[in-house]
Amino acid sequence: MRATVMYSAGDVRIENVPDARLIDPTDALVTVTHACICGSDLWPYNQMEQTETGQRMGHEFIGVVETVGSDVRTVKVGDTVVAPFAWSDGTCVFCQEGLHTSCLHGGWWARDGIDGGQGEAVRVPQADGTLVVLPVGKDDALMPSLLTLSDVMGTGHHAALAARVGPGKTVAVVGDGAVGLCGVIAARRLGAERIIILGRHPDRIALAKEFGATDVVSERGDEAVERVRELTGGFGAHSVLECVGYEQSTVTALSIARPGGAVGRVGLPQHESIPTTLTTFFDNVTIGGGPAPARAYIEELLPDVLEGRIEPGRVFDRVTNLDGVPDGYRAMNEREAIKVLIEF
Ligand SMILES: [Zn+2]
């Protein structure tokens, strides 16, 4: 089968790899129909050291079940399924608490011998815990939005929950990438009264407004903090979603939370320690977040997608096939595209 392999920063190739196949009785074999490139894939795209063997890529996919192991009960051959960006058993103590990313018997796609989503097929470990059967076929027009349940929509929702978004709250979203845009959707969905998007790309800002952003702050650093304070009576936002991961964006996020507010961090931190420890301490700012347990949120968000109340699939502004994936990385890295959908 063919799959995406990254060898070093900027070096993404489509190659023949060993066919995905069942190994454990809890596995399912899924033929991928839709996948995508993630903003987090751009970290290795910019920083990865040269390797001989390369690294398989992709952690967001929808596909059709081809075969199941003898212990699989909840998915069957022919089902259209969505996979969250981490696989999990669904039964351990952390899965029961809704924190599937800490599953005791789970793990991550595209490493440790597990297939990646940016390839023709995937062996899905812990298929019963991991996969969610979709009530629509693989050609349904909702596929882009359903695919966001793998990661970005669940991640935006997680940021909003960690930031304690609720009715009447003023929310600030730091970052206008796909996760930030889904954070806007999530904030509105949870009843936020006012949503300030911090970003500067015109196409993304326009989409953020359609998703429910009420104010735009395009300044950066201290000027951005100043501007948010102006917009919020000098106090800052109740809820701040950090959807980037850089030290500067984290400083901004922590600096625009009002006393007693909360910051939900979902951007993968590119720095060693959490900044502004003293001011956030004296302001009683709650700092939460981490990798979203996307699996925990699929059932909750699915009806909103199926009934058209949210349209997170609009973050995809480019569609390609497997051969177009290397150029998709380039386009996202150069901010030509917000998020690239891969159709097989
Ligand atoms: Zn578990």
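Residues numbered from 1 in each chain as written. Predicted model: local features only at pLDDT ≥ 70, side-chain atom pairs only at ≥ 80, totals over all residues. Heavy atoms only, no water.

## Topic: the packing of aromatic side chains
Selection rule: Pairs were defined over the aromatic rings of Phe, Tyr and Trp, the Trp ring being its six-membered one, requiring ring centres within 6.5 Å. Orientation was assigned from the angle between planes: stacked under 30 degrees, edge-to-face over 60, tilted for the rest. Here a helix means four or more residues in a row that DSSP labels H or I, a strand means two or more in a row labelled E, and each is numbered from the N terminus. Relative accessible area decides the class of each residue, using a 1.4 Å probe on protein chains only: under 20% of the type maximum gives buried, over 50% gives exposed, and in between gives partly exposed. By definition here, charges over rings are those cases where NZ of Lys or CZ of Arg is within 6 Å of the ring centre and within 35 degrees of the ring normal.
Tallied over the full model, the rule gives five aromatic pairs. Geometrically, the ring pair formed by Phe 85 and Trp 108 is stacked, given 6.2 Å between the ring centres and 15° between the ring planes. With Phe 85 in the loop between strand 6 (80–83) and strand 7 (86–87) and Trp 108 in strand 8 (residues 107–108), this residue pair connects regions lying 23 residues apart in the sequence. Judged by its relative accessible area of 35%, Trp 108 is partly exposed. The ring of Tyr 7 carries the charged tip of Arg 13 above its face, separated from the ring centre by 3.9 Å.

## Quick notes on the coordination of the zinc ion
For clarity, the threshold we go by: Any N, O or S atom lying within 2.8 Å of the metal counts as a donor, and for Na, K and Ca the limit rises to 3.2 Å; water is left out, so some sites can look incomplete. Any site counts as irregular unless it has four donors with all angles between 85 and 135 degrees, making it tetrahedral, or four or six donors with opposite ones more than 155 degrees apart and the rest between 65 and 115, making it square planar or octahedral.
Protein-derived ligands of the zinc ion are Asp 89 (OD), Cys 92 (SG), Cys 95 (SG) and Cys 103 (SG), with the metal-ligand distances lying across 2.1 to 2.3 Å. If you look at the zinc ion, its four donor atoms make angles of 92 to 123° with each other, and the shape they trace is tetrahedral. Take Asp 89: its relative accessible area is 10%, and that puts it in the buried class.

## Comments concerning the pairing of strand 16 (residues 286–289)
Just so we agree on the cut-off: Any two strands with at least two DSSP-identified bridges between them are counted as paired. Orient the strands so they point away from the viewer; a crossover is then right-handed if the path from the first strand over the helix to the second runs clockwise.
As judged from the four bridges shared by strand 15 (residues 257–265) and strand 16, these two strands associate in the parallel manner. Residue pairing for strand 16: Arg 265 is matched across the bridge by Gly 289. In the classification by handedness, the crossover that spans strand 15, the intervening helix 10 (residues 277–282) and the parallel strand 16 is right-handed.

## Description of the pairing of strand 18 (residues 339–343)
The buried count for strand 18 comes to four of five residues, which makes it a mostly enclosed element. Here strand 3 (residues 28–36) runs beside strand 18; their pairing, made up of three bridges, is antiparallel. Bridge assignment links His 34 to a residue of strand 18, and that residue is Glu 343. When strand 17 (residues 316–320) meets strand 18, the two strands line up parallel, connected through four bridges.

## A word on the packing of helix 5 (residues 152–162) against helix 11 (residues 294–306)
We count it as follows: For helices, the axis comes from a line fit to the C-alpha atoms of the stretch in contact; other axes are also lines fit to C-alpha atoms, and the angle between any two N-to-C directions lies between 0 and 180 degrees. In this scheme, roughly parallel covers angles under 35 degrees and roughly antiparallel covers those over 145, while 65 to 115 is roughly perpendicular and the rest are oblique. Should any heavy atoms of two residues lie within 4.5 Å, those residues are counted as being in contact. Here the term charged refers only to Asp, Glu, Lys and Arg, the term nonpolar to Ala, Val, Leu, Ile, Met, Phe, Trp, Tyr, Cys and Pro, and the term polar to all other amino acids, Gly among them.
Two elements in contact, helix 5 and helix 11, have axes whose closest approach is 10 Å; the angle formed by their N-to-C orientations is 100°. One finds that helix 5 runs roughly perpendicular with respect to helix 11. Where helix 5 abuts helix 11, its residues Met 153, Gly 154, His 157, His 158 and Leu 161 lie against Tyr 297, Glu 300 and Leu 301. The residue makeup of the contact of helix 5 with helix 11, split by class, is four nonpolar, three polar and one charged.

## A few points about the nonpolar core
The criterion, for reference: Remark: nonpolar core denotes a set of buried residues (Ala, Val, Leu, Ile, Met, Phe, Trp, Tyr, Cys) joined through side-chain atoms within 4.5 Å.
Within the largest apolar cluster, 51 residues are counted, with the highest numbers of intra-cluster contacts made by Leu 134, Leu 146, Leu 149, Met 153, Val 165, Val 173 and Leu 241. Mapped by element, the contributors of at least two residues to this core are helix 4 (143–147), helix 5, strand 11 (170–174), helix 6 (178–189), strand 12 (194–198), helix 7 (202–211) and helix 11. It is helix 6 that contributes the most residues to this core, eight residues altogether. By size, the runner-up hydrophobic cluster in this structure holds 33 residues, among which are Ile 37, Phe 61, Val 122 and Met 332.

## Thoughts on the side chain of Asp 11
Threshold: What qualifies as a polar contact is a pair of N or O atoms within 3.5 Å, subject to a donor-acceptor requirement within protein and to the restriction that residues adjacent in sequence count only when both atoms come from side chains.
When you line up the elements, Asp 11 lands in strand 2 (residues 11–16). At 2.9 Å, the side chain of Asp 11 and the side chain of Arg 13 are in polar contact. Not counting the four nearest positions on each side in its chain, Asp 11 is found in contact with Val 5 and Met 6.

## Let's talk about the sheet that holds strand 4 (residues 55–56)
The strand order across the open sheet built from three strands is 2-1-4, with neighbouring strands paired in antiparallel fashion. The open sheet has two edge strands, strand 2 and strand 4, and neither has a second partner. Relative to strand 2, strand 1 (residues 2–8) is paired through six bridges, and the arrangement is antiparallel. Bridge pairing in strand 2 links Arg 2 to Asn 16.

## Considerations on the pattern of salt bridges
Our working definition: By salt bridge we mean one thing: a side-chain nitrogen of Lys or Arg within 4 Å of a carboxyl oxygen of Asp or Glu.
Evaluation of the coordinates by the stated rule reveals 21 salt bridges. Here Arg 56 ties to Asp 115 by a salt bridge, and the two come within 2.8 Å at their closest N and O atoms. Of this pair, Arg 56 sits in strand 4 while Asp 115 sits in the loop between strand 8 and strand 9 (121–124), and the two are 59 residues apart along the sequence. Across the pair, exposure class does not vary: Arg 56 and Asp 115 are buried alike. Connected through shared salt-bridge partners, Arg 189, Glu 300, Asp 304, Glu 307 and Arg 309 make up one network.

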